[in-house]
Amino acid sequence: MNSWDKLLLGKVAVVTGASRGIGRADALALAEAGADVVITDILIESDENSEKEAEKYGPLAQVMQSTNVMYANQTARDIEKMGRRSVAIKMDVTNKKQVEEVFTKVKQEFGSIDILINNAGTLDHVSQIENQNDAYWQRDLNVNLTGAYNCTKAVWPYMKKQNRGSIINMSSVAGTLGGFGQASYSATKGALLSFTKSMALEGARYNINVNAVVPGIIDTEAFNLGNPNMNERMIQRTAFKKAGKPEDIANAITFLVSDKASYITGVGLNVSGGIELFTF
Ligand SMILES: NC(=O)c1ccc[n+]([C@@H]2O[C@H](COP(=O)([O-])OP(=O)(O)OC[C@H]3O[C@@H](n4cnc5c(N)ncnc54)[C@H](O)[C@@H]3O)[C@@H](O)[C@H]2O)c1
C-alpha cells in the first residue's frame, strides 16, 4: 500500500453541516481515506419534522428542504458501501446540550473521536449595514462561531485524553478580505481564524492540531442559489477564472487532518483559486 493511501484508517471523524455541499464532500473524502464518519446536520431526509425545522433555520434551509437537497442518510450509506462505518445524526450546532449528547454517543459507539470538521454555516444573509437584520446577525454568530466553539468544547476532553486529535474550522475569504453586504458572515469567518490560532496553542500540548480552511468561491448547491451576475463577478476575480469544487476543499482537509500534516497547526489554508491575489 502506498503510504498516501488510506491515510485515515482507524480514525473516527465528525462533520457538521454535512447533509450537502462542502460538508458532504468532506465526509466522503475522509471515508475514502479510511475514516469512519459521523454525518451531522439540521436537515436529515428521513426527519418527519423537517419542514417545521427548516422554517426555524431561515430561507436557505427552507429551499433545500422543499427541494429535497439533503443527503445525510444517503451519504452515510455511500460511506458504508466503501466499507467504513457511518451514521447520520440530526444535530444543531447552536444547541449545546444536543451537541454534548451527540459527542457522548459517538464516543460510546465509535470508540474514539479523532477528527472534527466544523463546517456548518449560514450563507443566506446578504445585506448592507442599514438593513442588517438583527436576528440574522445573531443567528450567523450563533451558527458560524458559537457552533464551532460548542463542538470544539464537546470534543476537547476526548481528544485530550487520547492525546491526539485534529480540528478544522471552515472559514472563508469573506473572513480574510471582508465582504460587501456580509457584515455578520465575514465577522464570524474572520473570528474563526483567531479562534483557530488560540485553540492550536492550547491543543499543541495534547497533540491536537487545529487549522482552518479558507475557501474562495466553491460550486455548491447553496452557492448556486445566489444571484448569477454576482456569482459570475466573484468567479472572474479568481486567478483561474473558475469556481472551485467541493472536492478541492475536501482534499485539503483530508491532508490537514492526516499524520502527514502533524507539524501543521494554527494555519488558515486558502483554497481559493487565488481570489485574494492582486490582479489588474
Ligand atoms: N460555497 C462557498 O463558496 C463557500 C465559500 C467560503 C466558505 N464556505 C463555507 O463552507 C461551509 C459549507 O458551505 P456550502 O457552500 O456547502 O453551504 P451549505 O449551505 O450547503 O452547507 C452548510 C450546511 O450547514 C448546515 N447548517 C446550517 N445551520 C446549521 C446548524 N445550526 N447546525 C448544524 N448544521 C447547520 C446546513 O443545513 C448545510 O447542510 C460553510 O461554513 C460556508 O460558510 C462556502
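Everything below is about the structure shown above.
Since the structure is predicted, the reported quantities are computational estimates derived from the model, not experimental observations.

Asker: Sorry if this is basic, but what is going on with the sheet that holds strand E5 (residues 165-170) here?
Answerer: Backbone hydrogen bonds are what pair the strands of a sheet, in a parallel or an antiparallel way. If you trace the seven strands from one edge of the open sheet to the other, you get E3-E2-E1-E4-E5-E6-E7, paired in parallel fashion. The open sheet is flanked by strand E3 (86-90) and strand E7 (268-271), the only strands paired with a single partner. Adjacent strand axes in the sheet meet at a mean angle of 20° when their direction is disregarded. The sheet contacts of helix H1 (residues 21-32) involve strand E1 (12-15), strand E2 (36-41), strand E4 (115-118) and E5, and relative to E1 the element is tilted by about 175°. Taken strand by strand, helix H5 (residues 96-110) contacts E1, E2, E3 and E4, and its axis lies near 165° from that of E3.

Asker: In this structure, what is going on with the layout of surface pockets? I would like to understand it.
Answerer: Empty pockets left among the atoms are what a rolling probe the size of a water molecule brings to light. Size it by volume and the second largest pocket reaches roughly 190 Å³. By residue class, the composition of the lining of the second largest pocket is five nonpolar, four polar and three charged.

Asker: Before we go on, may I ask you to explain the pairing of strand E6 (residues 208-215) in this structure?
Answerer: The side chains of a regular strand alternate, first on one face of the sheet and then on the other. Here E6 lies mainly inside the structure; eight of its eight residues are buried. On E6, burial covers both faces: Ile208, Val210, Ala212 and Val214 on one face and Asn209, Asn211, Val213 and Pro215 on the other are all buried. In the sheet, E6 pairs with E7 via four bridges, with the strands oriented parallel. In the sheet register, Ala212 faces E7, and the bridge partner there is Gly268.

Asker: Hey, could you run me through empty space enclosed by the protein in this one?
Answerer: Per the stated rule, a full pass over the model turns up one cavity of 30 Å³ or more. Its volume calculated, the largest cavity comes out at about 40 Å³. In terms of lining, the largest cavity is formed by Thr16, Val93, Asn118, Asn119, Ala120, Val143, Asn144, Gly147 and Ala148. If one sorts the elements of the lining of the largest cavity by residue count, helix H6 (residues 134-162) sits on top with four residues. The residue inventory of the lining of the largest cavity, partitioned by class, reads four nonpolar, five polar and no charged.

Asker: Just to check I follow, could you spell out the side chain of Ser166 for this structure?
Answerer: For Ser166, the position within the fold is in strand E5. Ser166 sits in the buried class, given a relative accessible area of 5%. Ignoring any residue separated from it by four or fewer positions in sequence, one finds Ser166 in contact with Asp114, Ile115, Leu116, Met159, Asn209, Leu256 and Val257.

Asker: Any chance you could explain the pattern of salt bridges here in plain terms?
Answerer: Pairs may arise between side chains of opposite charge once their charged atoms sit close together. Under the definition given, this model contains twelve salt bridges. Connected via shared salt-bridge partners are Asp47, Glu53, Lys56 and Lys90.

Asker: Where do I start with the nonpolar core in this structure?
Answerer: Proteins that are soluble and globular tend to have nonpolar side chains buried together. Counting residues in hydrophobic clusters, the biggest one holds 30 residues, and the most contacted among them are Leu30, Val37, Ile39 and Ile253. Residue assignment for this core shows that the elements contributing at least two residues are E1, H1, E2, helix H4 (72-81), E4, E5 and helix H11 (246-256). Beyond its immediate sequence surroundings of up to four residues, Val37 is in contact with Ala13, Val15, Ala27, Leu30, Ala31, Ile79, Arg85, Ser86 and Val87. Counting 28 residues, the second-largest nonpolar core is a separate cluster that includes Val93, Cys151, Leu192 and Phe195.

Asker: How should I be thinking about the environment of Glu48 in this particular structure?
Answerer: Mapped onto the elements, Glu48 comes out in the loop between E2 and helix H2 (50-57). Here Glu48 falls in the exposed class, since its relative accessible area comes to 76%.

Asker: Where do I start with the environment of Leu193 in this structure?
Answerer: With respect to the helices and strands, the residue Leu193 is situated in helix H8 (residues 183-203). Residue Leu193 is classed as buried on the basis of its relative accessible area, which comes to 17%. Sequence separation of Leu193 and Ala212 is 19 residues, and the distance between their C-alpha atoms is 6.5 Å. Setting aside chain neighbours within four positions, we find Leu193 in contact with Ser171, Thr176, Ala212, Val214 and Gly268.

About the cut-offs
- Residues numbered from 1 in each chain as written.
- Predicted model: local features only at pLDDT ≥ 70, side-chain atom pairs only at ≥ 80, totals over all residues.
- Heavy atoms only, no water.
- Pairing = 2+ DSSP bridges.
- Helix = DSSP H or I, 4+ residues; strand = E, 2+ residues; numbered from the N terminus.
- Axes fitted to C-alpha atoms, helices over the stretch in contact; angles between N-to-C directions.
- Contact = heavy atoms within 4.5 Å.
- 1 Å grid on protein atoms, 1.4 Å probe; cavity = no way out; pocket = protein on both sides within 12 Å on 5 of 7 lines; lining within 4 Å.
- Points joined across faces, edges and corners; volume = space filled by probe spheres on them.
- Nonpolar A, V, L, I, M, F, W, Y, C, P; charged D, E, K, R; others polar.
- Buried < 20%, exposed > 50% of the residue type's maximum accessible area, 1.4 Å probe, protein only.
- Salt bridge = Lys/Arg side-chain N within 4 Å of Asp/Glu carboxyl O.
- Core = buried A, V, L, I, M, F, W, Y, C linked by side-chain atoms within 4.5 Å.

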